[in-house]
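# Structure at a glance
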Amino acid sequence: MKLLVINGPNLNMLGVREPDIYGRTTYADLCRQLEAHAKNIGVQVELYQSNHEGDLVDKIQEAYGQIDGIVINPGAYTHTSVAILDALKAVAIPAVEVHISKVDKREEFRQISYVRLACCATITGHGLDGYLEAMDLLRERYEG
Ligand code: DQA
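The notes below deal with the structure included here.

Reading guide: rules and limits
- Residues numbered from 1 in each chain as written.
- Predicted model: local features only at pLDDT ≥ 70, side-chain atom pairs only at ≥ 80, totals over all residues.
- Heavy atoms only, no water.
- Helix = DSSP H or I, 4+ residues; strand = E, 2+ residues; numbered from the N terminus.
- Rg over C-alpha atoms; globule rule 2.2 N^0.38 Å.
- Buried < 20%, exposed > 50% of the residue type's maximum accessible area, 1.4 Å probe, protein only.
- Contact = heavy atoms within 4.5 Å.
- Areas by Shrake-Rupley, 256 points an atom, 1.4 Å probe, with all protein chains shown as cover.
- Lys, Arg positive; Asp, Glu negative; His and termini not counted.
- Charge placed at Lys NZ, Arg CZ, Asp CG, Glu CD.
- Near = heavy atom within 4 Å.
- Polar contact = N/O pair within 3.5 Å; in protein donor to acceptor, adjacent residues only side chain to side chain.
- Nonpolar A, V, L, I, M, F, W, Y, C, P; charged D, E, K, R; others polar.

Turning our attention to the overall build of the protein. For the protein, the helix and strand inventory stands at five helices and five strands. Seen in sequence order, the protein has helices and strands lined up from the N terminus as β-α-α-β-α-β-α-β-β-α. For 144 residues, the compact-globule formula gives about 15 Å, and the C-alpha radius of gyration of the protein, at 14 Å, lands near that figure. Seen through its principal axes, the protein has C-alpha atoms that stretch 35 × 30 × 25 Å. Counting every position in the protein, which comprises 144 residues, the buried fraction comes to 47%. Expressed as a percentage of contacts within the protein between residues at least 6 apart in sequence, the contacts between residues at least 24 apart total 73%. Here the protein displays about 7200 Å² of accessible surface, and carbon together with sulfur accounts for 46% of that area. Placing the 14 positive and 20 negative side-chain charges of the protein at their respective mean positions leaves the two points 3 Å apart.

As C-alpha cells, this is what we get:
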C-alpha cells in the first residue's frame, strides 16, 4: 500500500508559526515521524508540501493510479479551494482530512471545509498525531 501525505500552505513553517496553536515540532520532524510510522504499520509513504494551490492540484492528479490513500492538510486552502475538492473527487482516492488545530473552535471562516466533501474522514485538534491516525484509518480501510 502506498500513502501520500499532502500539506498545504504555511505547514512548512511548523515549529515557527504560531507555536501556541501548532506546537514547536518542525515540518522536518513531522516528516521523520510520518516516515517512522509508515514503517511501523508496513506501508510506503510519500510526503509533499506546497504553498501553491495549483501545485497541490497537480500532485493530487499525479496520484491517480499510483497511490492508495491520501492524507491531506490543505491549510488555509481548506476553507477556499473548490479546485482541491474537485481534484480529490476526480481521482477518487480515499482521502482523510487532517487539521492540527481545533478548526471547529476557531474563527467562523475556518469552520467551512470544501475538501471535507471529498474525504472519508476528518481529524481535527489532535495535533500532529492526527496525521498518524489518518494513516491508520486509510490502512485499515485498504486492508478491508
Ligand atoms: C490548519 C487550520 C487552517 O485553518 C490553517 O489555515 C492552517 C492549518 C490546521 O492544521 O489546523 O494553515 O489546517
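From this point, the discussion proceeds with the structure in view.
Quick look at the site of the ligand now. Neighbouring the ligand are Arg17, Tyr22, Asn73, Gly75, Ala76, His79, His99, Ile100, Ser101, Val103 and Arg110. A distance of 3.2 Å separates an oxygen atom of the ligand from a polar backbone atom of Ala76. Taking Ile100, its main chain carries an N or O atom lying 2.8 Å from an oxygen atom of the ligand. Taking 320 Å² as the accessible area of the ligand by itself, protein coverage stands at 98%. Split by residue class, the shell around the ligand holds four nonpolar, five polar and two charged.

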